[in-house]
Amino acid sequence: KLLTTTQSNTLDIYEGAHLASGVVKPMNSIRHDNQTGRWLSTFMARWHPGTFSDQEMFVVGSMQQPRTIEIFGGDGELMREIRGDALTAVASRCCFHPNANKPIVIGGNSSGRLTVAR
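Below or above, wherever it landed, is the structure these notes cover. (Residues numbered from 1 in each chain as written. Predicted model: local features only at pLDDT ≥ 70, side-chain atom pairs only at ≥ 80, totals over all residues. Heavy atoms only, no water.)

1. Here we look at the overall build of the chain
A tally of regular secondary structure across the chain gives 0 helices and 10 strands. Shown N-terminal to C-terminal, the secondary structure of the chain runs as helices and strands in the order β-β-β-β-β-β-β-β-β-β. Taken over C-alpha atoms, the radius of gyration comes to 14 Å for the chain, in line with the 13 Å a tight globule of 118 residues would show. Overall size of the chain, expressed as C-alpha extent along the three principal axes, is 45 × 35 × 20 Å. The buried share among the 118 residues of the chain stands at 40%. Of the roughly 7300 Å² that the chain leaves accessible, carbon and sulfur atoms contribute 48%. Positive and negative side-chain charges of the chain, numbering 12 and 10 respectively, have mean locations separated by a distance of 9 Å. (Helix = DSSP H or I, 4+ residues; strand = E, 2+ residues; numbered from the N terminus. Rg over C-alpha atoms; globule rule 2.2 N^0.38 Å. Buried < 20%, exposed > 50% of the residue type's maximum accessible area, 1.4 Å probe, protein only. Areas by Shrake-Rupley, 256 points an atom, 1.4 Å probe, with all protein chains shown as cover. Lys, Arg positive; Asp, Glu negative; His and termini not counted. Charge placed at Lys NZ, Arg CZ, Asp CG, Glu CD.)

2. What about the sheet that holds strand 8 (residues 93–96)?
Read from one edge to the other, the open sheet built from 3 strands follows the order 8-9-10, with strand pairing classed as antiparallel. Of all the strands in the sheet, the pair left with one neighbour each is strand 8 and strand 10 (114–117). Each adjacent strand pair in this sheet contributes to an overall mean axis angle of 15°, direction not counted. Judged from the 4 bridges that link them, strand 9 (residues 105–108) and strand 10 form a sheet pairing that is antiparallel. Looking at the pairing, Gly-108 lines up with Leu-114 of strand 10. (Pairing = 2+ DSSP bridges. Axes fitted to C-alpha atoms, helices over the stretch in contact; angles between N-to-C directions.)

3. Concerning the environment of Phe-43
Inspection of the secondary structure puts Phe-43 in the loop between strand 3 (28–31) and strand 4 (46–47). C-alpha separation for the pair Phe-43 and Ser-29, spaced 14 residues apart in sequence, amounts to 16 Å.

4. So, the packing of aromatic side chains
Under the counting rule described, the total for this entry stands at 2 aromatic pairs. For the ring pair Trp-47 and Phe-58, a centre distance of 5.4 Å and an interplane angle of 75° mean the geometry is edge-to-face. Within this pair, whereas Trp-47 is found in strand 4, its partner Phe-58 is found in strand 5 (residues 57–61), the two being separated by 11 residues in sequence. The exposure class assigned to Trp-47 is partly exposed, which follows from its relative accessible area of 25%. (Phe/Tyr/Trp six-rings, centres within 6.5 Å; stacked < 30°, edge-to-face > 60°.)

5. Focus: unusual backbone geometry
Between Gln-65 and Pro-66 the backbone carries a cis peptide bond, its omega angle lying at -5°. A positive phi angle, near 65°, is found at Asn-9, a position not held by glycine. Relative to the helices and strands, Asn-9 is located in the loop between strand 1 (2–5) and strand 2 (10–14). Looking at Asn-9, the relative accessible area reads 16%, which means it is buried.

6. A closer look at the sheet that holds strand 6 (residues 69–73)
Read from one edge to the other, the open sheet built from 4 strands follows the order 4-5-6-7, with strand pairing classed as antiparallel. Because the sheet does not close on itself, it has two edges, and the strands there are strand 4 and strand 7 (78–82). Examined bridge by bridge, strand 4 and strand 5 share 2 bridges and lie antiparallel to one another. Across the sheet, the residue bridging to Trp-47 is Phe-58, located in strand 5.

And the structure:
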């Protein structure tokens, strides 16, 4: 599967895009505010490098207030929103810890501050 974060305010999931030719349409298109503005890094949704409970998932930052990191399932359904006092700025870059037994999310903002959620 291919995951894209667009400036058209969508997160698009493609299946078999590497085998297709011509114009490829996404399997699923999720409405998501990706307009980070001039001073913030753009969002980059990232797949979890493994699977938990045989389910694919990906993580992406959010422009929501209070500040939020969102976790979606491989089908595009919102699974969880991470919020808290430590998340004080937009987490433009997010990823999962690759070697953890349970999902650990790391979000980074444009100033270089990291937030770890377990």
